[in-house]
Structure formats: C-alpha cells, structure tokens
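# Architecture and fold: a report
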Amino acid sequence: MRARVTLAFLCACICARPQDLGEVNFRTSAGPAAQKQFLKGLLELHSFEYDDAREDFQAARATEPGFAMAYWGEAMTYNHPLWGEQDTTAARAALKKIPAGARMDPRERLYVNAVRTLYGDGSQARRDAAYAEAMHGIYEKYPADADAACFYALSLLGATEGKRDTAVYMRAAAILEDVFKEHPRHPGAAHYLIHSYDDPEHAHLGLAAARVYASIAPAAEHAQHMPSHIFFALGMWDDAVASNETSWSVSEARVTRKKLGVEELGYHALSWLEYAYLQQGRYQDARRVLGIMEENARRSNATRVRGSMIFMRAAYLAETGQWTSPVQTVSTDGLSAGARATDQFINALAKLQTGSIAGPEDVIRRLRAGSPGAQAMGGQLESALRMKEGKVEDALAAAASAAEKEDRLNYEFGPPFPVIPAHEFYGEMLLRAGRTKDAAKQFALALRRAPGRAHSLLGLARTGDKDALEKLKQNWRRADAEVKDPVLAEFRSSPDGRTN
C-alpha cells in the first residue's frame, strides 16, 4: 500500500500536458492511470471543453471507482457559469455515485464539499454565492494550489449571475494575474483572465493572456476562440479572424475524429468569424461561412444549429444591406427569446428596406412587450417605419428610445445584440435628418461599446471625421472591391469628408 501511495504522489506531481491542452499540477490520491485521465479532464474543464472533460472524468471513475475527485470532475462539467447554464439534476446524480468510504484526503474533501454546495438546496444565485465562499476557503487554506485560485476566480465571475460587475471582475483578475505569472501555461489562468477583461475599457489588460492562450491549448476549440474576446473588444479584426478560423478548424477535426453530428460543431466561433469578416468588408468570405451554416441547418434541426443560423443570417443582412439575399430561414420553435426577437426584427426590417411598409406594426408591438433588447429592436423598427412614412421627428424619437433601452443592457462581448447597435442606428437616422453634429455623437457612443465597428466608423466619417475614415480604410485593407470602392468614392468627391 505504501508503494502505491508513493507512486500516486509522484504521478500527481508531474505536470500533465495530454494532447496539447496546457499544464496543471493537481495532486490527488488516485493511482497513476486514473490520475492521468483525471488531469486530462481537468485541462479540458479549464477550457470549457465540457463534453470531452466528462468523458475523461468518467474514465477515471471507471479505472478507480473509489476515486472521489473523478465524481467531482464529472459534476463540475454540468456547471457552465459564464454561459448561464447549470444541469443540477445530472450533477446531483453524479455526486450520489460517490461510494461510501471513497478515498479523499482533507483537500479533496473540501473540493467535493464545495461542489456539493454548488448543487445543494436553494436558488441558483444563492448556491453560486455559497460555492464561491467555499472556494474562497480552499484558496485561503491552500495558497499554492493554482487550481483552487482559478476555480475561486471563476466562481466569482459566475456569482454575478450574468451581470458585468466591474469590481468583482477586477477582483477575479487580480487573483488570476498571480497564477498566470507563476504558471504561464495554466489554461484556467489565461482563460479566465480573458473573461475578466473582455470589455472595451479593460481589454488592453487582457492582451497578454489572449496572445498566449491559444498556444497553451492548441487542441482545445474554445481556447482557440477565446482570444477573440479581447480582439473584438479592441477592434482587432485580423487577429479575430485568425482566432476563429483556427477554432472552427479544430472543431471540425474533433467532430470528424469522434464521428459526431454537425450539431457538435463550433458554431460560436463560426458566427464570430462571419462577423469579423463583415467588419473587414470581406462580404464574400462572410457569405461562404454563412453557406456552411445553411448547409448544416438543413442537416440538423438542433436548437443550437437553428439559433446560430438566425443570428448569422441577421448579421449578414444587417451588415451587408443585401436585404433581398436568398438566405435560408429556419423555425424559431424552442429557441431563446433573443433569437426569436432577432428573427422577427430582421424579417420586418428587410421588408421595410425593400419597399413594403405593411405589417410591421404587429411586430413592433410584440418587440416592445419583450426584454430591453427586444424593446430596443422594436424602437429601431418603429423608427425605420416612421422615417419611411416621412414622420422624421417621430422616427428620431423612436430611435432615441431604442438607444436608451440599449444603454440598460448588460455589456455583451462579441457580435452585437441588438444586431444593429442602437446608437449607430440613431446616428443613421440623424444623418438622414441632416443633423450631422448630433449624428457624430451617436456614432462615437456606438464605437465606445463596439470599437472598430465598420458601420459606426463609416457613419462618423460621413460627419466629417477624418480619423474615422482612416480607421475604416485600415479595417478594409482586404475588403471586397465591390464593398469599399463605391463607399470610398464618395469621400474622394467631397474634400471635407461629408457626403453630398
């Protein structure tokens, strides 16, 4: 028995790097085989590769049924704190399988008790807060435990319940910076730092983590995508494209390797890739990846496939202005309220833009009765309708209301929601009304929320801002000629940068 414990300890102290997922050093009481499987699952867990992590934790459990931390790991895969998802039923079932008398040292027992708190009684918000407190205890008791620090920081982010509390995010970042300094190849440290900093105000602080995370875990689809959170927040479209192209390729390789269905592909990365192409004026490339999405939506009726299809279709139509483009539509049955609202909005706006003013009033009423995001889209649709009717002041009032609704929304990283930023939309309405100075203010506000966004830069350039025009040209270095040539021609014919 003594020899086995010694071998397990030595194995646990060797850093694991299976399949290029990063490096962790998490001591457990398991034997070598189960420990190796556990460490691989842990690496995947830190990169939010939840399904793959669950397989490895279950394999560790099968290897050593009395290995309590394998059950802990499986339970952890059912909690997705930054995605607002938690499967308490499956997690509780996994924890109930821990055998009586399972082998746990004092530290392991604290980890298991913490996850039991996460899936205990009470509301999710209360359980998330209690779990964060439990992880704080482990972090304080074992200051050299890098994983305790990372999971504690992540628990802080999760306990904000989807609201971007800057003070909490910076508290988490301070913990993670220490881990990142001491363990520069730890996937959790780099990953959670990016999440802590992925807003325009703090994104520059996350560049170091963004630059290395993909190289830490090249086998993890999510690790390849995550740096683009920082790149989007800084308007770094070349880097964002490269990040999501790689992430999509890694997801394709995984699906092929595991013989999975198309619903398991990385549509999150694909939708971000489409949006980044659109910001670069690469509409043909955007249409190509939208075509991939259309084909897979024909092959699978899964909600995540249809949801991605709706958001990618809406982004393509809104960004290109190709309102009659024959992009595939899908059913919204069973989809999120945001997806349904986006689909209603973009369909009604497309009709308005192509000459029809019949029918949007019902859509406006439905959107106005929804969430703040839906209300913002309802205001934009009403503004477009009133402008079409020649009611300029009513159109401006509706656009201003939409912008006010958007300001109430929690900051969303990535492609914008609503699909057309409300301050940008308001700026366009003001330009059409001849109120150039007021329009410039709205475009500037839109760019504060979405730096480097092409249409906001274009709108600001049309008010006479030459810096905005230069930034747009930089965005469009690789733009399709049919995109940039007619737009930039208007500035060549007007020396002050304004349209005629």
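The present account deals with the structure reproduced in this document. The residue numbers shown here count from 1 along each chain, following its written sequence. In keeping with the model being predicted, local features are shown solely for residues with a pLDDT of at least 70 and side-chain atom pairs are shown and tallied solely at 80 or more, while totals for entire chains, interfaces and linings include all residues. Only heavy atoms go into the side-chain values, all of them from the structure, while hydrogens and water stay out.

### Looking at the overall build of the protein
Quick reminder of the rule: Think of it this way: any DSSP run of H or I at least four residues long counts as a helix, any run of E at least two long counts as a strand, and we number them from the N terminus. For the radius of gyration, the atoms used are the C-alpha atoms, and the globule rule reads 2.2 Å times the number of residues raised to 0.38. In this scheme, a residue with accessible area under 20% of its type's maximum is buried, one over 50% is exposed, and one in between is partly exposed, where area comes from a 1.4 Å probe on protein chains only. Here, residues are in contact when the closest pair of their heavy atoms is within 4.5 Å. The accessible surface values rely on the Shrake-Rupley method and a 1.4 Å probe; as for residues, cover is taken only from the protein chains in view. Charge counting treats Lys and Arg as positive and Asp and Glu as negative, with His and both chain ends excluded. We put the charge of a Lys on NZ, of an Arg on CZ, of an Asp on CG and of a Glu on CD.
When its secondary structure is counted, the protein shows 26 helices and two strands. Its C-alpha atoms give the protein a radius of gyration of 25 Å, within 12% of the compact-globule value 23 Å for 500 residues. By its C-alpha atoms, the protein is 85 × 40 × 40 Å across when sized along the principal axes. Within the protein, the fraction of its 500 residues that count as buried is 56%. Here the contacts in the protein between residues at least 6 apart in sequence split such that 61% fall between residues at least 24 apart. With an accessible surface of roughly 21,000 Å², the protein has 52% of that area assigned to carbon and sulfur atoms. Computed over 62 positive and 63 negative side-chain charges, the inter-centroid distance for the protein is 2 Å.

### Overview of the pattern of salt bridges
Defined as follows: For salt bridges, the criterion is a side-chain nitrogen of Lys or Arg within 4 Å of an Asp or Glu carboxyl oxygen.
A full pass over the atoms with the stated rule returns 33 salt bridges. A salt bridge links Arg313 to Asp343, with the shortest nitrogen-to-oxygen separation between them at 3.7 Å. Placement of Arg313 in helix H17 (residues 303–320) and of Asp343 in helix H18 (residues 337–353) is noted, with a sequence separation of 30 residues between them. For Arg313, a relative accessible area of 10% puts it in the buried group. The buried category is assigned to Asp343, whose relative accessible area is 11%. Within this structure, Glu361, Arg368, Glu382, Arg386, Glu389 and Lys391 form a network of salt bridges that share partners.

### Focus on the nonpolar core
We count it as follows: Among buried residues, those of type Ala, Val, Leu, Ile, Met, Phe, Trp, Tyr and Cys that are joined through side-chain atoms within 4.5 Å constitute a nonpolar core.
If you look at the biggest cluster of nonpolar residues, it comprises 157 residues, and the most contacted ones within it are Phe38, Leu42, Trp72 and Phe151. Residue contributions to this core peak at 10 residues, all from helix H8 (residues 146–158). Look past the residues within four positions of Trp72 in its chain and what remains in contact with it is Phe38, Leu42, Leu45, Tyr111, Val112, Val115 and Phe151.

### Points about the packing of aromatic side chains
Definition in use: Here a Phe, Tyr or Trp ring, Trp counted by its six-membered ring, pairs with any other such ring whose centre lies within 6.5 Å, and the pair is stacked when the planes are under 30 degrees apart, edge-to-face when over 60, and tilted otherwise. Look at NZ for Lys and CZ for Arg. If either is within 6 Å of the ring centre and within 35 degrees of the ring normal, a charge sits over the ring.
As enumerated under the stated definition, the model contains 19 aromatic pairs in all. Consider the rings of Phe38 and Trp72, whose centres lie 6.2 Å apart with planes at 40°: the pair is tilted. With Phe38 in helix H2 (residues 32–46) and Trp72 in helix H4 (residues 68–76), this pair connects stretches of sequence that are 34 residues apart. Since its relative accessible area comes to 0%, Phe38 is described here as buried. Classification of Trp72 as buried rests on a relative accessible area of 2%. What links up through ring pairs into an aromatic cluster is the set Phe26, Phe38, Phe57, Phe67, Trp72, Tyr111 and Phe151. In this arrangement the basic side chain of Arg107 is found over the ring face of Phe26, its NZ or CZ atom lying 4.3 Å from the centre.

### Some remarks on helix H7 (residues 124–141)
Just so we agree on the cut-off: Expected span of a helix, by definition, is 1.5 Å for each gap between consecutive residues, and there is one gap fewer than residues. The arc in question is formed by the directions pointing from the helix axis toward the C-beta atoms.
The end-to-end C-alpha distance of H7 is 26 Å, a good match for the 26 Å that 18 residues give at a rise of 1.5 Å each. Turning to H7, its buried residues number three or more, namely Arg127, Asp128, Tyr131, Ala132, Met135 and Ile138. Projected onto a plane normal to the axis of H7, the buried residues spread over an arc of 140° and lie on a single side. Across H7 from its buried face, at more than 90 degrees, point the exposed residues Arg126, Glu133, Glu140 and Lys141.

### Focus on helix H16 (residues 283–299)
Its 17 residues place the ends of H16 24 Å apart at the C-alpha level, agreeing with the 24 Å of an ideal helix rising 1.5 Å per residue. Buried within H16 we find Tyr283, Ala286, Val289, Leu290, Met293, Glu294, Asn296 and Ala297. Elements that come into contact with the buried residues of H16 comprise helix H14 (237–258), helix H15 (267–279), H17, helix H24 (454–462) and helix H26 (481–492).

### Considerations on the side chain of Lys40
Under the convention used in this document: Distance and chemistry together define a polar contact, namely a pair of N or O atoms within 3.5 Å, with one atom able to donate a hydrogen and the other to accept it when in protein, and with adjacent residues in sequence counting only for side-chain atoms on both sides.
Its location among the elements puts Lys40 in helix H2. Its relative accessible area of 16% is what places Lys40 among the buried residues. Here the side chain of Lys40 touches Asp56 through a polar contact of 2.9 Å, side chain to side chain.

### Some remarks on the environment of Ile175
Its location among the elements puts Ile175 in helix H9 (residues 166–182). Residues Ile175 and Leu193 lie 18 residues apart in sequence; the distance between their C-alpha atoms is 9.2 Å. Aside from chain neighbours lying at most four places away, what touches Ile175 is Tyr139, Ala149, Tyr152, Ala153 and Leu156.

### Observations regarding the side chain of Ser383
With respect to the helices and strands, Ser383 occurs in helix H20 (residues 372–388). Accessibility expressed as a relative area gives 0% for Ser383, which makes it buried. The contact partners of Ser383, leaving out residues within four places of it in the chain, are Ala395, Ala398, Ala399, Phe425 and Met429.

### Notes on the packing of H14 against H15
Basically, it comes down to this: Here, axes are lines fitted to C-alpha atoms. For helices the fit covers the stretch in contact, and angles between N-to-C directions go from 0 to 180 degrees. For this classification, under 35 degrees means roughly parallel, over 145 means roughly antiparallel, 65 to 115 means roughly perpendicular, and everything else is oblique. Whether a crossing is left-handed or right-handed is set by the direction in which the near helix is turned from the far one by less than a right angle, anticlockwise for left-handed and clockwise for right-handed. Following the grouping adopted for this structure description, the nonpolar residues are Ala, Val, Leu, Ile, Met, Phe, Trp, Tyr, Cys and Pro, the charged ones are Asp, Glu, Lys and Arg, and the polar ones are all others, Gly among them.
Their axes nearest at 8 Å, the elements H14 and H15 cross at an angle of 150°. Here H15 runs roughly antiparallel to H14, going by the angle between their axes. Where H14 crosses over H15, the handedness of that crossing is left-handed. Facing Trp237, Ala240, Val241, Asn244, Glu245, Ser247 and Trp248 of H14, the residues of H15 in contact are Tyr267, Ala269, Leu270, Trp272, Leu273, Tyr275, Ala276, Tyr277 and Gln279. Of the residues that constitute the contact of H14 with H15, the class distribution is 12 nonpolar, three polar and one charged.

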